[in-house]
Amino acid sequence: MMVGFPQLLIDMLEVKVVRMWGVLVMVLVVAVGLCDGEREVCVVGSGMGGASVAYFLREYAVEPVQISIFEEGGKVGGRMAVVELEGDTFEAGGSVIHPKNLHAVRFAELLGLNRTSDDDEESFGIWDGTRFVFQTARAGDSAFSKTITQIMNTVSVLWRYGISLWRMQNYVNGMLDKFLKLYGKDRPAFDSVEEMLKSVDLYNDTQYTLEELLLNAGLSRLLIDELITITMRINYGQNVSISGLAGGVSLAGAQGGLWAVVGGNWQLADGLIRHTNASLSLNHKVLSVTAVGDRYMLGSEGGTTTCDAVVIATSLDESKIIFTPSVKILERQMQHTYTTFVRGLLNSDYFGSTNEDIPELVATMEDPAIPFSSISVLKEYNTTDKAYKVFSRAPLSDELLGRLFSTYRSTIRIDWAAYPHYTAPEKFSPYVLDGNHLYYINTFESAASAIETAAVSAQNVARLLLSRLSEGGLRTATPKGVSEPRSE
């Protein structure tokens, strides 16, 4: 039906009135916020980054600050998640924490969380697609058997890889020693990840591949192609072409003394949010962030929220959040890791072995023909019934599961946009996305992605935000008598 000229004028007037009314509402909301002396910080994401920035904001702010956290899903924790497989709970995301992860250690103590570690060494084998090129022995149940097996396995590993193992440990420990310098309470707030890393001599590690750095450190080709490659495939779903710092973090995740929170590492995020008394909105997907004067309006299906500063604590690489005005994020591809939990029994014929001889961790060489990165035993119920976790770079079909497992009755499949696909030299998006008060914690992931690195980046963002948002009683982020992690 044709619209008459008078009706067209009426429609145009209605549109103008609606737009003017919308602008008026936004202005009134902003004005009300400015009249309120307490500033509000909105945090998008409730994983380790979002929970940590809430904690550090609360600790460092001289004047009260209101913190509102918006979580798209129904649970906090982000990539720290658990699954339940036939009544048993297993870590599905960030699974282990290093003893030198000082923030995580401190948070667990602060929140009264119990820590667990598995002191028993699991047997592992390196599968090349046709055979195990190297394999350690599985220990028995007695303390004597475990001790003897540990000695035998140590000798076996040393015999195969020699002095390169010592050089690898030196590389990782040297990186960790530098990383620990990021914890000092007197450190400044950095405007960029580059400045932050250069201050502790770690930036160079992001500009070269792990393979290049390890060869330069004198490591053998055999060690790089076997032990180090399988570690990269398990922890980051990639290989030794990964950038050096991310590779070093991955190798640290294979050291001893690793621990986890009893009941799931997600409790670190949950506990910090509760501790800070931050407002938490679950199932609240932020669709847009709009700058309105010196404030911001967050839009979602449930309405709008205004705040003085916004902290993005989730990856923007696959996000559909609309920013007005637009912000420039460096293009970064995410590495998807497919995690499959299986209750059943591995097919010994697939590995040309017996069930007793299949190691508890099957790790794989870098070969596109191998359809999985690793298979590990999570729990053994009896000799024919076990729970497994399988990592792969592509989804596992039912047909493939039928070949890998002689029997299986339960599966859980997860597709994680787990971490960036690392390619040296790395480049970084800015911490401040708009030159005002829109901050991005996850830019640090281009250096390395882990529970602890999220907390380290969040601490810097909290300091940076408070040092720049000086009005309303928020001053430079100086700790108010709180104890900082000790790095000595």
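A quick note: this is a predicted structure, and the numbers were derived from the prediction, not measured. (Residues numbered from 1 in each chain as written. Predicted model: local features only at pLDDT ≥ 70, side-chain atom pairs only at ≥ 80, totals over all residues. Heavy atoms only, no water.)

Draft legend 1. Representation of the packing of helix H4 (residues 143-161) against helix H8 (residues 221-236) in the model. Look at H4 against H8: their axes get within 9 Å of each other, and the N-to-C directions meet at 135°. What the angle tells us is that H4 and H8 run oblique. Contacts from Val-157, Arg-160 and Tyr-161 of H4 reach H8 at Leu-222, Leu-223, Glu-226 and Leu-227. (Axes fitted to C-alpha atoms, helices over the stretch in contact; angles between N-to-C directions. Helix = DSSP H or I, 4+ residues; strand = E, 2+ residues; numbered from the N terminus. Parallel < 35°, antiparallel > 145°, perpendicular 65-115°, else oblique. Contact = heavy atoms within 4.5 Å.)

Draft legend 2. Up close: H8. Roughly 35° is the biggest bend found in H8, and it falls at Ile-228. Among the residues of H8, Leu-223, Ile-224, Glu-226, Leu-227, Ile-228, Thr-229, Ile-230, Thr-231, Met-232, Arg-233, Ile-234 and Tyr-236 are the ones counted as buried. Following H8 by one or two positions, Gly-237 adopts a phi angle in the positive range, close to 65°. (Bend = angle between axes of the 7 residues up to and from the residue. Buried < 20%, exposed > 50% of the residue type's maximum accessible area, 1.4 Å probe, protein only.)

Draft legend 3. Representation of the environment of Glu-366 within the structure. Following the sequence through the fold, Glu-366 ends up in the loop between strand E16 (361-364) and strand E17 (374-382). Given a relative accessible area of 33%, Glu-366 falls into the partly exposed group. Sequence-wise, Glu-366 and Val-240 are 126 residues apart; in three dimensions their C-alpha atoms are separated by 9.3 Å. With near-sequence residues (within four places) excluded, Glu-366 lies in contact with Thr-229, Arg-233, Asn-239 and Arg-393. A polar side-chain atom of Glu-366 sits 2.9 Å from a polar atom in the side chain of Arg-393. (Polar contact = N/O pair within 3.5 Å; in protein donor to acceptor, adjacent residues only side chain to side chain.)

Draft legend 4. Examining a nonpolar patch on the surface more closely. On the surface, a cluster of nonpolar side chains totalling about 510 Å² of accessible area is made up of Phe-144, Ile-148, Ile-151, Met-152 and Val-155. Along the polypeptide, Met-152 turns up in helix H4. (Patch = residues over 30% accessible without salt bridge, like charges linked within 9 Å, V, L, I, M, F, W, Y side chains within 5 Å. Areas by Shrake-Rupley, 256 points an atom, 1.4 Å probe, with all protein chains shown as cover. Salt bridge = Lys/Arg side-chain N within 4 Å of Asp/Glu carboxyl O.)

Draft legend 5. Seen up close, the packing of helix H3 (residues 102-111) against helix H12 (residues 451-468). In the contact formed by H3 and H12, the axes pass within 8 Å of each other and the chain directions differ by 90°. Between H3 and H12, the angle is such that the two are roughly perpendicular. For the pair H3 and H12, the contacting residues are Leu-102, His-103, Ala-104 and Phe-107 in the first and Glu-452, Ala-455, Val-456 and Gln-459 in the second. A class-by-class count of the residues in the contact of H3 with H12 yields 5 nonpolar, 2 polar and 1 charged. (Nonpolar A, V, L, I, M, F, W, Y, C, P; charged D, E, K, R; others polar.)

Draft legend 6. How the structure looks around the packing of aromatic side chains. Under the counting rule described, the total for this entry stands at 17 aromatic pairs. The interplanar angle of 90° and the centroid separation of 5.0 Å between the aromatic rings of Tyr-236 and Tyr-419 together place this pair among those described as edge-to-face. Residue Tyr-236 is found in helix H8, and its partner Tyr-419 is found in strand E19 (residues 405-420); the two are separated by 183 residues along the sequence. Of the residues examined, Tyr-236 reaches a relative accessible area of 3% and is grouped as buried. Members of the aromatic cluster, connected to one another through ring pairs, are Trp-127, Phe-132, Tyr-350, Phe-351 and Phe-372. The ring of Trp-259 carries Arg-115 above its face, with NZ or CZ at 4.2 Å from the centroid. (Phe/Tyr/Trp six-rings, centres within 6.5 Å; stacked < 30°, edge-to-face > 60°. Lys NZ or Arg CZ within 6 Å of the ring centre and 35° of its normal.)

Draft legend 7. Local environment of the pattern of salt bridges. A complete count under the given rule lists 20 salt bridges for this structure. Across the salt bridge formed by Arg-409 and Glu-86, the nearest N and O atoms sit 2.9 Å from each other. Placement of Arg-409 in strand E19 and of Glu-86 in the loop between strand E3 (82-85) and strand E4 (88-91) is noted, with a sequence separation of 323 residues between them. Take Arg-409: its relative accessible area is 53%, and that puts it in the exposed class. Among the residues examined, Glu-86 registers a relative accessible area of 37% and is labelled partly exposed. With its nearest N and O atoms 2.8 Å apart, the salt bridge here joins Arg-343 to Asp-385. Of this pair, Arg-343 sits in strand E15 (residues 334-346) while Asp-385 sits in strand E18 (residues 385-392), and the two are 42 residues apart along the sequence.

From the geometry alone we can't say anything about function, so treat these as descriptive.
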